[in-house]
Amino acid sequence: MTVTANSFTALSLRIATEPNTQTTVASILTRWYEANARDLAWRRPGASPWGVLVSEVMLQQTQVSRVEPAWQRWMERWPTPAHLAADPPGEAIRAWDRLGYPRRALRLHACAAAIVERHDGEVPDDVEALLALPGIGTYTARAVAAFAFRQRHPVVDTNVRRVVARAVAGEADGGANTTPADLRAVEALLPGDEEAAARASIAFMELGAVVCTARAPRCEECPLIGDCAWRLAGSPPSEGPSRRSQRYHGTDRYVRGLLMAVLRASDDPVPAERLDAVWPDADQRRRALDGLLTDGLVRQRDKTFTLPG
DNA sequence: CACACGTGGAA
DNA sequence: TTTCCAAGTGT
């Protein structure tokens, strides 16, 4: 995503020409969101900062439809960081089930422990403290500060990068990662008021998630149609090399997944032979298991293996 | 900074 | 069936 002063000004000017309306992208999207927001459990008024944090971690690289049931079960079992921290990390990994990237479960457990130790069990409300927690990065720290504590921060994920890249910069898609420039560009689009900024941030994300999608965007449903720089430019295709397609079956990651599935399903220590049975390639099996041990996702005791206790 | 890291929904 | 890609983080 490359947002120049020119492209930014062009959008502002164009929208400003519309008669008797509030004239910012943020206000348009906020109004759209109020009428079109999905009813997600972690957005409801009763959701705690912990609930918001858990949802954000689960949503990293994972679709909403898969997160919803997992989040419900998780919050019933561990309604506060202290509840989670009191159980072994292996239980978090087991409960994570097939959400993917189980290191997230391990870090979320460590995050809960850090919140108990450093913040008296309360999710901290400032970005710096959030960033210092395990598994909480640039995106998640600001998402929690904005959505749980209603603060004004640029909340930039893949959706927001894409929305801004299209609507403002006129490009087909955003960059692969959030850069400091992205944060500045999005910050400049937010209204000054904290609550209004928090609402705008979730609106940007929602638009990217349900309308301004990566494949087959629903431009007819978009409140920015007519103002979108990408559309006005004729929806040019993305330039540059498309990201190399990611195979999965047969990779080390795949074998790690097989091993973890066995360990999750067992309440007892698993003998090495049972793990040997999941994949024929011994070298690859060894690589995967070593990685899991190094990551702390698996513990070894003699010739048996378990989730961390 | 490029890369590793799971799993499955949808086209 | 393939291919894309989904609210990223840590190294």
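Calculation rules
- Residues numbered from 1 in each chain as written.
- Chains lettered and ligands numbered in written order.
- Predicted model: local features only at pLDDT ≥ 70, side-chain atom pairs only at ≥ 80, totals over all residues.
- Heavy atoms only, no water.
- UniProt positions renumbered as here; feature names shortened; annotations may be inferred.
- Core = buried A, V, L, I, M, F, W, Y, C linked by side-chain atoms within 4.5 Å.
- Buried < 20%, exposed > 50% of the residue type's maximum accessible area, 1.4 Å probe, protein only.
- Helix = DSSP H or I, 4+ residues; strand = E, 2+ residues; numbered from the N terminus.
- Domains from an automatic or database assignment.
- Near = heavy atom within 4 Å.
- Polar contact = N/O pair within 3.5 Å; in protein donor to acceptor, adjacent residues only side chain to side chain.
- Nonpolar A, V, L, I, M, F, W, Y, C, P; charged D, E, K, R; others polar.
- Axes fitted to C-alpha atoms, helices over the stretch in contact; angles between N-to-C directions.
- Parallel < 35°, antiparallel > 145°, perpendicular 65-115°, else oblique.
- Left-handed = near helix turned anticlockwise from the far one by under 90°.
- Contact = heavy atoms within 4.5 Å.

An unreviewed UniProt entry lists chain A under the name Adenine DNA glycosylase, from Dactylosporangium salmoneum. The heading Sequence similarities (unreviewed entry) in the UniProt record of chain A holds the text "Belongs to the Nth/MutY family." Turning to chain A, the UniProt annotation filed under Catalytic activity (unreviewed entry) states: "Hydrolyzes free adenine bases from 7,8-dihydro-8-oxoguanine:adenine mismatched double-stranded DNA, leaving an apurinic site."

### Comments concerning the nonpolar core
One recurring pattern in soluble globular proteins is that nonpolar side chains are buried together. Formed by 53 residues in total, the largest nonpolar core has its most connected members in Trp 50, Leu 53, Met 58, Trp 74, Leu 108 and Leu 130. If you tally residues by element for this core, the top one is helix α7 (residues 103-119), at seven residues. Taken domain by domain, this core gets at least three of its residues from each of domain 2 (48-147) and domain 3 (252-306).

### Re the protein's contact with DNA strand C
Taken together, the neighbourhood of DNA strand C is formed by 29 residues, with Gly 135, Thr 140, Asp 157, Asn 159 and Gln 246 sitting nearest. Expressed as a percentage, the sugar and phosphate content of the atoms of DNA strand C within 4 Å of the protein is 63%. For DNA strand C, a phosphate oxygen lies 3.1 Å from a polar atom in the side chain of Gln 61. Thr 140 is positioned such that a nitrogen or oxygen atom in its side chain is 2.7 Å from a phosphate oxygen of DNA strand C. Within the residue set of the surface near DNA strand C, elements represented by two or more residues are α3 (49-59), α9 (138-147), α10 (158-167) and α12 (194-210).

### What about the protein's contact with DNA strand B?
Close to DNA strand B lie 18 residues, the nearest being Arg 98, Pro 102, Arg 253, Arg 256 and Gly 257. Of all DNA strand B atoms lying within 4 Å of any protein atom, the proportion belonging to sugar or phosphate reaches 60%. Separating a base nitrogen of DNA strand B from a side-chain N or O atom of Gln 63 is a distance of 3.0 Å. Where the surface near DNA strand B is concerned, the elements lending two or more residues are α7 and α14 (252-265). In terms of residue count, α14 provides more of the surface near DNA strand B than any other element does, four residues in total. Here the surface near DNA strand B is built from residues that sort into four nonpolar, five polar and nine charged.

### A few points about the UniProt feature "domain: HhH-GPD" (unreviewed entry) in chain A
In the numbering used here, UniProt assigns the feature "domain: HhH-GPD" (unreviewed entry) to residues 58-210. This span, residues 58-210, is 64% helix and 0% strand, and a straight line between its end C-alpha atoms measures 18 Å.

### Thoughts on the packing of α9 against α12
Taken N-terminus to C-terminus, the directions of α9 and α12 make an angle of 130°; their axes are 9 Å apart at the nearest point. Overall, the two elements α9 and α12 adopt an arrangement that is oblique. Here α9 runs over α12; the crossing is left-handed. Residue-level inspection shows Tyr 139, Ala 146 and Phe 147 of α9 in contact with α12, the latter providing Ala 198, Ser 201, Ile 202 and Met 205. Within the contact of α9 with α12, the residues separate by chemical class into six nonpolar, one polar and no charged.

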